[in-house]
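Here are the chains, one letter per residue:
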2 protein chains.
Amino acid sequence: MEFSNYLPIWNKLTPQQQQSLQDAVVQMNFPAGTIVHNGSLDCMGVLVVCSGQLRAYILSDEGREITLYRLFDHDICLFSASCMLRNIEFDVIIESEKDAAAWIIPPQLFGKLMEESLPFSNYANELMSSRFSEVMWLMEQVMWKRFDQRLADFLIQESQLEGTTVLRLTHEKIANHMGTAREVVTRMLRYFQSEGMVKLTRGAVELTDLKKLQALQS
Amino acid sequence: MEFSNYLPIWNKLTPQQQQSLQDAVVQMNFPAGTIVHNGSLDCMGVLVVCSGQLRAYILSDEGREITLYRLFDHDICLFSASCMLRNIEFDVIIESEKDAAAWIIPPQLFGKLMEESLPFSNYANELMSSRFSEVMWLMEQVMWKRFDQRLADFLIQESQLEGTTVLRLTHEKIANHMGTAREVVTRMLRYFQSEGMVKLTRGAVELTDLKKLQALQS
């Protein structure tokens, strides 16, 4: 598909701006497990996802992680061009969870369009607001929600994403998504197992009672 | 002071835009304890603080609070005009902690300037990014930092803000700032007291060993 189909404000750009985008964007492939963007260590440019699945997360000094949001087809992420974003003072890491392909808008062109195109600037504003809302939602979850509810949420969401009730996820991986320690995940999963909601096997979690898990969510 | 001094991009606006701002902004006073903006329940407009101290916080369904950031002289808050911000899907409450005065840019004018002024749109972007960074910082604190360190941080910061080591704060108030339960604050303050770092009296916390509190922070 053409790059122009991925940018909702394409028709609000001038022919020159459209041309400079056409000339500058490159499509890249990221096999599953690639670190696509590593905080302030690089400034690859704006990521416009064509296919696959990526996750954006933050990392603590001690190596703990928490997933901020997922990126799918047609999603746009500005943080991989954070060198061009004034006042962004945090580091987001983006990795491909499944094989992914994306267009990259080079950071200089992104900066130039921000300086000269009002529709582009407003659109960047909207993207930023969306991410902000996602992070605030996550913050509220972390602050106010019980861990059993959050874990039930996570398992159900993963099951929907993968289209299966057998999730190939280690406890460590789950902990990295949720920003907690592996032991905390293991303890809660064992409790879920004792309640018949999941079945634990090596490297996998099988959801055996979706209804009961869903009842936990509310 | 003139309103124009509070808007860093004033000189990048057209004379018409400057005039419409001059005509539309109003100055308001908020005695300490006023709920200045209450999430999606109102849309007062952009808040441009002239004096005093306000705090922006979120509220859980169960009535728990956490302070997101403080606003002082010359700070600008967009969230009190969130009806004009696309994709902002969370509710921020703003209350004056001390007597405060602020200019208000009406939401319609804010929306109009966003639509027609590139410098204004980019400036709004920068403001949004700053708030985003503050919230990410807070999220990292909440996620990764031990509660004793966060409480030491908070007490030292309040002491600097108030210019005194005797803080007139109930445990409930501290809990509302930090997004935790009163009991958790009380328990930790008692521990601090047993270590000689604070002295607890009715309705107040006196910092008795700043050095030891500061040592906790790092």
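Residues numbered from 1 in each chain as written. Chains lettered and ligands numbered in written order. Predicted model: local features only at pLDDT ≥ 70, side-chain atom pairs only at ≥ 80, totals over all residues. Heavy atoms only, no water.

> For this particular structure, what's the right way to read the sheet that holds strand β8 (residues 198-201) of chain B?
Two strands in a sheet stick together by hydrogen bonds in their backbones, pointing the same way (parallel) or opposite ways (antiparallel). Strands sit in the order β7-β9-β8 (chain B) across an open sheet of three strands; the sheet is antiparallel. The sheet is open, and its two borders are formed by β7 (166-167) and β8 of chain B, each paired with just one other strand. (Pairing = 2+ DSSP bridges. Helix = DSSP H or I, 4+ residues; strand = E, 2+ residues; numbered from the N terminus.)

> Would you mind going over the environment of Ser80(B) with me for this structure?
All names here are of chain B. Position of Ser80 among the secondary structure elements: in the loop between β5 (76-77) and β6 (93-105). Classification of Ser80 as buried rests on a relative accessible area of 0%. Taking the C-alpha atoms as reference points, Ser80 and Ile105, 25 residues apart in sequence, are found 9.9 Å from one another. Engagement of the side chain of Ser80 in a polar contact is seen with the backbone oxygen of Cys77, the distance being 3.4 Å. (Buried < 20%, exposed > 50% of the residue type's maximum accessible area, 1.4 Å probe, protein only. Polar contact = N/O pair within 3.5 Å; in protein donor to acceptor, adjacent residues only side chain to side chain.)

> Would you mind going over the state of the cysteines with me for this structure?
Here, the word disulfide means a covalent bond between the sulfur atoms of two cysteines. Counted by the stated rule, this structure contains two disulfides over all chains. For Cys43(A), the disulfide goes to Cys83(A), at an S-S distance of 1.6 Å. Looking down the S-S bond of the Cys43(A) and Cys83(A) bridge, the torsion is -65°, so its handedness is left-handed. Placement of the pair is Cys43(A) in the loop between β2 (35-38) and β3 (46-59) and Cys83(A) in the loop between β5 (76-77) and β6 (93-105), with a sequence separation of 40 residues. Residue classification places Cys43(A) among the partly exposed residues on the basis of a relative accessible area of 24%. Sulfur of Cys77(B): no disulfide; nearest cysteine sulfur belongs to Cys43(B) and is 12 Å away. (Disulfide = S-S within 2.5 Å.)

> Quick question: what am I supposed to make of the interface of chain A and chain B here?
How big an interface is tends to be reported as the loss of accessible area on association of its parts. Every contact between the two is made by 39 residues of chain A and, on the other side, 39 residues of chain B. Summed over both sides, the interface between chain A and chain B buries roughly 3,600 Å², with carbon and sulfur atoms accounting for 68% of that surface. Inspection of the chain A/chain B interface yields two salt bridges. Of the charged contacts, one joins Glu126(B) and Arg86(A) as a salt bridge, the two residues approaching to 3.4 Å between their closest N and O atoms. Counting the contacts that link chain A with chain B gives 17 residue pairs in polar contact (both at pLDDT 80 or more). When residues of the side of chain A that touches chain B are traced back to their parent elements, those giving at least two are β3, β4 (65-71), α2 (107-116) and α3 (118-144) of chain A. Taken together, the residues of the side of chain A that touches chain B sort by class into 20 nonpolar, ten polar and nine charged. (Contact = heavy atoms within 4.5 Å. Buried area = accessible area lost by both parts, 1.4 Å probe. Salt bridge = Lys/Arg side-chain N within 4 Å of Asp/Glu carboxyl O. Nonpolar A, V, L, I, M, F, W, Y, C, P; charged D, E, K, R; others polar.)

> I would appreciate a short explanation of the sheet that holds strand β8 (residues 198-201) of chain A in the present structure.
All names here are of chain A. Pairing is antiparallel in the open sheet, where three strands are placed in the order β7-β9-β8. The open sheet is flanked by β7 (166-167) and β8, the only strands paired with a single partner. Where β7 lies against strand β9 (residues 204-207), two bridges are found, and the strand directions are antiparallel. Following the sheet pairing, Val166 is matched in β9 by Glu206. Strand contacts of helix α4 (residues 147-162): β7, β8 and β9, with the helix running at about 90° to β9, the strand carrying the most contacts. Strands β8 and β9 of the sheet are contacted by helix α6 (residues 182-194), whose axis makes an angle of about 125° with β8. (Axes fitted to C-alpha atoms, helices over the stretch in contact; angles between N-to-C directions.)

> Can you walk me through the side chain of Arg70(B) in this structure?
Residues and elements named next belong to chain B. Among the secondary structure elements, Arg70 is positioned in strand β4 (residues 65-71). The exposure class of Arg70 is buried, given its relative accessible area of 12%. Of note is the side chain of Arg70, whose polar atom sits 2.7 Å from the side chain of Glu97. In this structure Arg70 touches Gln53, Leu54, Arg55, Asp75, Glu97, Gln157, Glu158, Leu161 and His177, once residues within four positions along its chain are discounted.

> Got a minute to help me understand the packing of aromatic side chains in this structure?
For any pair of aromatic rings, the description rests on two quantities: the centre-to-centre distance and the angle between the ring planes. Across all of its chains, the model carries 15 aromatic pairs over all chains by this definition. Where Phe3(B) meets Trp103(B), the ring centres are 5.6 Å apart and the plane angle is 70°; that geometry is what we call edge-to-face. Separated by 100 residues along the polypeptide, Phe3(B) in the segment before α1 (15-24) and Trp103(B) in strand β6 bring together distant segments of the chain. Both residues of the pair, Phe3(B) and Trp103(B), count as buried. Ring pairs connect the aromatic residues Phe79(A), Phe90(A), Phe132(A), Phe79(B), Phe90(B) and Phe132(B), which therefore count as one cluster. Between the NZ or CZ atom of Arg131(A) and the centre of the ring of Tyr69(A), over which it lies, the distance is 4.4 Å. (Phe/Tyr/Trp six-rings, centres within 6.5 Å; stacked < 30°, edge-to-face > 60°. Lys NZ or Arg CZ within 6 Å of the ring centre and 35° of its normal.)

> Would you mind showing me how to read the confidence of the model for chain A here?
Reading fine detail from the predicted coordinates is not recommended where pLDDT is low. Predicted confidence across chain A gives a mean pLDDT of 95, with 100% of residues reaching 70 or more. Among the prediction metrics, the complex's ipTM stands at 0.89, with pTM recorded as 0.90. (pLDDT = per-residue confidence, 0-100.)

> How do you make sense of the relation of the copies chain A and chain B when you look at a structure like this?
The relation between the two chain copies is a rotation about an axis coupled with a shift along that axis. Taken as rigid bodies, chain A and chain B are interconverted by a rotation of 180° and an axial shift of 0.0 Å, the fit giving an RMSD of 0.0 Å. The two molecules are tied by a two-fold rotation axis, judged by turn and shift. A share of 100% of interface residues in chain A that are also interface residues in chain B marks the association as one of identical surfaces. (Least-squares fit on C-alpha atoms with pLDDT ≥ 70 in both.)

> Honestly, the packing of helix α2 (residues 107-116) of chain B against helix α3 (residues 118-144) of chain B in this entry has me stumped. Any pointers?
The angle between the axes and the distance between the axes are what describe a pair of packed helices. Residues and elements named next belong to chain B. In contact at an axis separation of 6 Å, α2 and α3 are set at 110° when each is read in the N-to-C sense. Accordingly, the angle class assigned to the pair α2 and α3 is roughly perpendicular. In this structure, α2 contributes Phe110, Leu113, Met114 and Glu116 to the contact, and α3 contributes Leu118, Phe120, Ser121 and Ala124. In terms of residue class, the contact of α2 with α3 is made up of six nonpolar, one polar and one charged. (Parallel < 35°, antiparallel > 145°, perpendicular 65-115°, else oblique.)

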